[in-house]
Amino acid sequence: MSTGDASGRIELAIGGMTCASCAARIERKLNKMEGVTATVNFATEKATVQAPEGVTPEELIATVEKAGYTATLPRPPRDETSEDGEDEADRELRPLRQRLITSLVLAVPVIAMAMVPALQFEYWQWMSLTLAAPVVVYGGWPFHRAAWTNLRHGAATMDTLVSLGTLAAFGWSLWALFFGSAGEPGMRHGFEFAMTRSDGSANIYLEAAAGVTAFLLAGRYFEARSKRRAGAALRALLELGAKEVSVVRENGREERIPVEDLAVGDAFVVRPGEKIATDGVVEEGSSAVDASMLTGESVPVEVGPGDAVVGATVNAGGRLLVRATRVGADTQLAQMARLVEEAQTGKAAVQRLADRISGVFVPIVIALAAATLGFWLGAGAETAAAFTAAVAVLIIACPCALGLATPTALMVGTGRGAQLGILIKGPEVLESTRRIDTVVLDKTGTVTTGTMALVDVHTADGVDADEALRLAGALEHASEHPIARAIAAGAAERVGTLPSVEDFANIEGLGVQGMVDGHAVLVGRPQLLAEWSQHLTPELQEAMAAAQRQGHTAVAVGWDGRARAVITVADQVKPTSAEAVARLRALGLRPVLLTGDNETVARTVAGQVGIDEVIAEVLPADKVAVVKRLQGEGRTVAMVGDGVNDAAALAQADLGLAMGTGTDVAIEASDLTLVRGDLRAAADAIALSRRTLRTIKGNLFWAFAYNVAALPLAAAGLLTPMIAGAAMAFSSVFVVTNSLRLRRFRPVGDASALPGGTARPSAPRAEVHADR
């Protein structure tokens, strides 16, 4: 990961941000520097800065620190694991996790004693103070620190309200215990619903201070843990590459060296099954290379002398000697890593709804508390009674329900999602689902299975299809080629045990030959059979042409001097894909098929599943460009993919959905993960996310409405501890109950629920074209 380049682009890792408004504040400070253009992403905790010549990273770091936050030059992803194997993200989260555990252990007894009269022994209030003090001071320190930072910069967020409310509750409880009557032996919480003014000397609010701190700390921890995964996609990408490589020295001796030591111009050996160490050109040998991670094509690419190969792709066939042409940061894999990083950094951070509310609500509450104190003092009320009313305003406004609104709905929504095979990464994801109007679907591995399978057998007159498949399958069983494996697996499934092969030979770029049950069998391109004067009949030629028109892969089969059959294999459409597309349309989304395959293949698959818009023959960088182009047209784009080649586009999209059957890189770069590998889960995920967002908004509305209704009563001095506690409890119970309704969420609909009463019929197969 580069910290700067010739164009003046500098990256900084930002620390200390607690909400999206913090990111906006840092951004404003940096942009005030002459010639500097900065973007700060709250989700990834990074700042991307375009700085003119002469502006150093140290100056940028100093500016961030003056704003009350920390900034460092990020370390390379490979360096983020310590010697003991602990991830840096885990190390950074450890203090927050320790605060959370300590706070929960201490807060639970405090809440229990306050809520259950039977637990209120003679000096229970002093035990509550002993347990609550560490929670408010130690556990709540992140909120207090953030509130102080906000105060110094004239801003207010949820942290400000949490800090004010908990400190007010704790401070008033201290006054009541030491200077009022609350510290007397045998004190009990009153249960009077009468709305009368009092001086508050017998009231303590320790359970509110400890409980709110502990619960909001839990929300902060889980949010932070989710955000810390932002860099995992880059680490996973870099881990894809080979670790060691066999370099051929001048004397012909092979030497095993770390791939980092490989230089441009070095010749290295790639054996069958090994990853290609870096980008290069084949000098000797021929093989099939699985490049699906880069191109999205499920059919391996045949390579020979003079052909270019890409690092991290897999050699599926013979031995290759490759001359390195690009190494390190210049390789295609490294460029993909940069694409993912740039897409993640450039994605707009979603402002948390609670912070939007608190940005207006907090100053109003503080002003109302001050006005309440001034009014009662001016009206001649006792100082204790005036302070009681003012503090009651702060306590009743302490965001217990506001704090519960998002995490409870998210907890229930994500739990229900997990049952349906959907993993939602965080609350920021949900708002994106509301605005989505276009869904881009990767073809290979998403709409299709991503693996080759037997489709059909066409035979010449008088030839038994099972016999042709048996002989071809037996011969292909001796080959490691992916197409050969598909034919062999299909033959074994259809005709049973396959016979043994003698005199097997692989003919480079053409096919295979051998003896099976006394027959001299050829399987491969028509050219291979033609070399043995076994020419395809007109019927077989038409069968092969028809297969290729549909995007299938077709191979010819001949034995005993005559061409006898054409076998077709293809990447298969998932049985549920057509229904999934219909469900996405029912949600008001416009599906687009995006693939690295050729136009013929893409159009065939799109027609089978009911997609009208197709974009084919695109490389990873082009996928990102396609998503950007659609966004530039005013569309809000969701992207569904499963491969490394999709990772950058998943990160660039407004909403990224990764198939759980795909690569770790795609999953880490996405916002939602579809565990089942079933495209119908994409429709379920969007519907569930929208429902969860509506629930969060409903929770926030009612929690806010409760505060608005209760604040005038508190300002009037009419809220006794019982009424305040009951009101806060009811607000919290309502929010939790409303969130629990998400457990009844059902998928978008069964096939019978779709228009017309049935799902669009799904084809059992998809097609991929590549000549053998």
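Residues numbered from 1 in each chain as written. Predicted model: local features only at pLDDT ≥ 70, side-chain atom pairs only at ≥ 80, totals over all residues. Heavy atoms only, no water.

### What to know about the UniProt feature "transmembrane region" (unreviewed entry) in the chain
Our working definition: UniProt positions are given in the numbering used here, feature names are shortened, and annotations may be inferred rather than shown by experiment. A run of H or I in DSSP counts as a helix once it spans at least four residues, and a run of E counts as a strand once it spans at least two, with each numbered from the N terminus.
UniProt's feature table lists "transmembrane region" (unreviewed entry) at residues 100–117, 123–141, 161–182, 202–222, 357–378, 384–406, 699–716 and 722–740, given in the numbering used throughout. For the annotated span residues 123–141, helix accounts for 89% and strand for 0% of the residues, and the straight-line distance between the end C-alpha atoms is 27 Å. Overall, residues 699–716 shows 94% helix and 0% strand. The separation of its end C-alpha atoms is 26 Å.

### What about the confidence of the model for the chain?
The condition is simple: Values of pLDDT, which run from 0 to 100, indicate the predictor's confidence residue by residue. Contact definition: two residues touch when any of their heavy atoms are within 4.5 Å.
Scored by pLDDT, the chain has a mean of 79; 79% of the residues are at 70 or more. Low confidence marks residues 191–196, where pLDDT is under 50. Its contacts with residues over four positions away, or in another chain, come to 15 contacts. The low-confidence segment residues 750–772 (pLDDT under 50) makes 81 contacts with residues lying over four places distant or belonging to another chain.

### With respect to the sheet that holds strand β12 (residues 314–315)
Defined as follows: Strands are labelled as partners when DSSP assigns at least two bridges between them.
An order of β10-β9-β12 is seen for the 3 strands of this open sheet, with the pairing classed as antiparallel. The strands lining the two open edges of the sheet, one partner per strand, are β10 (301–303) and β12. Pairing of strand β9 (residues 287–290) with β12 involves 2 bridges; the strand directions are antiparallel. Across the sheet, the residue bridging to D290 is V314, located in β12.

### Section: the pattern of salt bridges
Between side chains of opposite charge, pairing is possible as soon as their charged atoms come close. The criterion, for reference: Criterion for a salt bridge: a side-chain nitrogen of Lys or Arg within 4 Å of a carboxyl oxygen of Asp or Glu. The cut-offs for exposure are 20% and 50% of the maximum accessible area for each residue type, with area from a 1.4 Å probe on protein chains only; residues under the lower value are buried, those over the upper are exposed, and the others partly exposed.
In total, this model carries 23 salt bridges according to the counting rule given. E244 serves as the salt-bridge partner of R256, at 3.6 Å between the closest nitrogen and oxygen. Highlighted residues: R256 in strand β6 (residues 254–258) and E244 in strand β5 (residues 244–248), separated in sequence by 12 residues. In this structure E244 comes out as partly exposed when scored by relative accessible area, which is 45%. A salt bridge links R590 to E613, with the nearest nitrogen and oxygen atoms 3.0 Å apart. Taken as a pair, R590 in strand β22 (residues 590–594) and E613 in strand β23 (residues 613–615) lie far apart in primary sequence, 23 residues in all. Connected through shared salt-bridge partners, E579, R583, D678, R680 and D684 make up one network.

### Some remarks on the packing of helix α4 (residues 124–139) against helix α5 (residues 141–152)
Selection criterion: In this description, a line fitted to the C-alpha atoms serves as the axis of each element, helices being fitted only across the stretch in contact, and the angle between N-to-C directions of two axes falls anywhere from 0 to 180 degrees. Any angle from 65 to 115 degrees is called roughly perpendicular, while one under 35 is roughly parallel, one over 145 is roughly antiparallel, and all others are oblique. Here the term charged refers only to Asp, Glu, Lys and Arg, the term nonpolar to Ala, Val, Leu, Ile, Met, Phe, Trp, Tyr, Cys and Pro, and the term polar to all other amino acids, Gly among them.
It is at 5 Å that the axes of α4 and α5 come closest, and there the two elements cross at 45 degrees. In terms of orientation, α4 and α5 fall into the oblique class. Listed contacts from α5 to V136, V137, Y138 and G139 of α4 are W141, P142 and H144. In the contact of α4 with α5, the residues fall into 5 nonpolar, 2 polar and no charged.

### Section: unusual backbone geometry
One non-glycine residue, D517, adopts positive backbone phi at about 55 degrees. Considering the arrangement of structural elements, one finds D517 in the loop between β18 (511–516) and β19 (519–524). With a phi angle near 50 degrees, D560 is a residue other than glycine that sits in the positive phi range. Secondary-structure assignment places D560 in the loop between β20 (553–559) and β21 (562–573).

### Considerations on the pairing of strand β1 (residues 9–15)
Two faces belong to every sheet, and in a regular strand the side chains alternate between them. In terms of residue burial, β1 counts as a mostly covered element, since 6 of its 7 residues are buried. Pairing geometry for β1 and strand β3 (residues 46–50), over 5 bridges, is antiparallel. The residue bridging A13 from the neighbouring strand is K46, located in β3. Two elements, β1 and strand β4 (residues 70–72), share 3 bridges in a ladder whose sense is antiparallel. Note that in β4 the partner of A13 across the bridge is T72.

### Let's talk about a positive patch on the surface
Rule in force here: Residues qualify for a patch when their relative accessible area is over 30% and they have no salt bridge, like charges being joined within 9 Å and the nonpolar side chains of Val, Leu, Ile, Met, Phe, Trp and Tyr within 5 Å. Where accessible areas are quoted, they stem from the Shrake-Rupley method and a 1.4 Å probe; at the residue level, only the protein chains shown are allowed to cover. For the purpose of counting charges, residues Lys and Arg are taken to be positive, whereas Asp and Glu are taken to be negative. His and the chain ends are not included. A charged residue contributes its charge at one atom only: NZ of Lys, CZ of Arg, CG of Asp or CD of Glu.
A cluster of like positive charges, contributed by R691, R694, R741, R743 and R744, occupies part of the molecular surface. Classification of R741 as partly exposed rests on a relative accessible area of 45%.

### Overview of the pairing of β6
Where β5 meets β6, 5 bridges bridge the pair, whose relative direction is antiparallel. Bridged to V247 within β6 is E255.

### Regarding the environment of E122
Mapped onto the elements of the fold, E122 is located in the loop between α3 (88–115) and α4. It is 7.2 Å that separates the C-alpha atoms of E122 and M187, two residues lying 65 residues apart in sequence. When residues no more than four places from it in sequence are discounted, the contact partners of E122 are P185 and G186.

### Observations regarding the packing of helix α16 (residues 465–476) against helix α17 (residues 482–495)
The criterion, for reference: Each crossing gets its hand from how the near helix is turned against the far one by less than a right angle, where anticlockwise is left-handed and clockwise is right-handed.
Where α16 contacts α17, the axes come no closer than 8 Å and their chain directions differ by 135 degrees. Put simply, α16 runs oblique to α17. Every pair of crossing elements has a handedness; the one defined by α16 and α17 is left-handed. Between α16, through A465, D466, L469, R470, A472, G473 and E476, and α17, the contact on the second element is made entirely by A484, I487, A488, G490, A491, R494 and V495. Its residues placed into classes, the contact of α16 with α17 shows 8 nonpolar, 2 polar and 4 charged.

### Brief notes about the packing of aromatic side chains
Put simply, the rule reads: Stacked, tilted and edge-to-face are the three classes assigned to paired rings of Phe, Tyr and Trp, where Trp is represented by its six-membered ring and a pair needs centres within 6.5 Å; plane angles under 30 degrees give stacked, over 60 edge-to-face, the rest tilted. Two conditions define a charge sitting above a ring: the NZ of Lys or the CZ of Arg must be within 6 Å of the ring centre, and it must be within 35 degrees of the ring normal.
Applying the stated rule across the entire model yields 5 aromatic pairs. Ring geometry for W172 versus W175: centroids 5.0 Å apart, planes at 20 degrees, classification stacked. With W172 and W175 both in helix α6 (residues 158–178), this residue pair falls 3 residues apart, about one helical turn. Overall, W172 belongs to the buried group, its relative accessible area being 9%. Under the relative-accessibility criterion, W175 is labelled partly exposed at 29%. Taken together, a centroid distance of 5.6 Å and an interplanar angle of 70 degrees make the contact between W702 and F734 edge-to-face. With a gap of 32 residues between them, W702 in helix α25 (residues 680–715) and F734 in helix α26 (residues 721–740) connect regions that are remote in the sequence. Three or more aromatic residues link up through ring pairs in this structure, and these residues are F701, W702 and F734. Stacked on the ring of Y138, the Lys or Arg R99 has its end atom at 4.7 Å from the ring centre.

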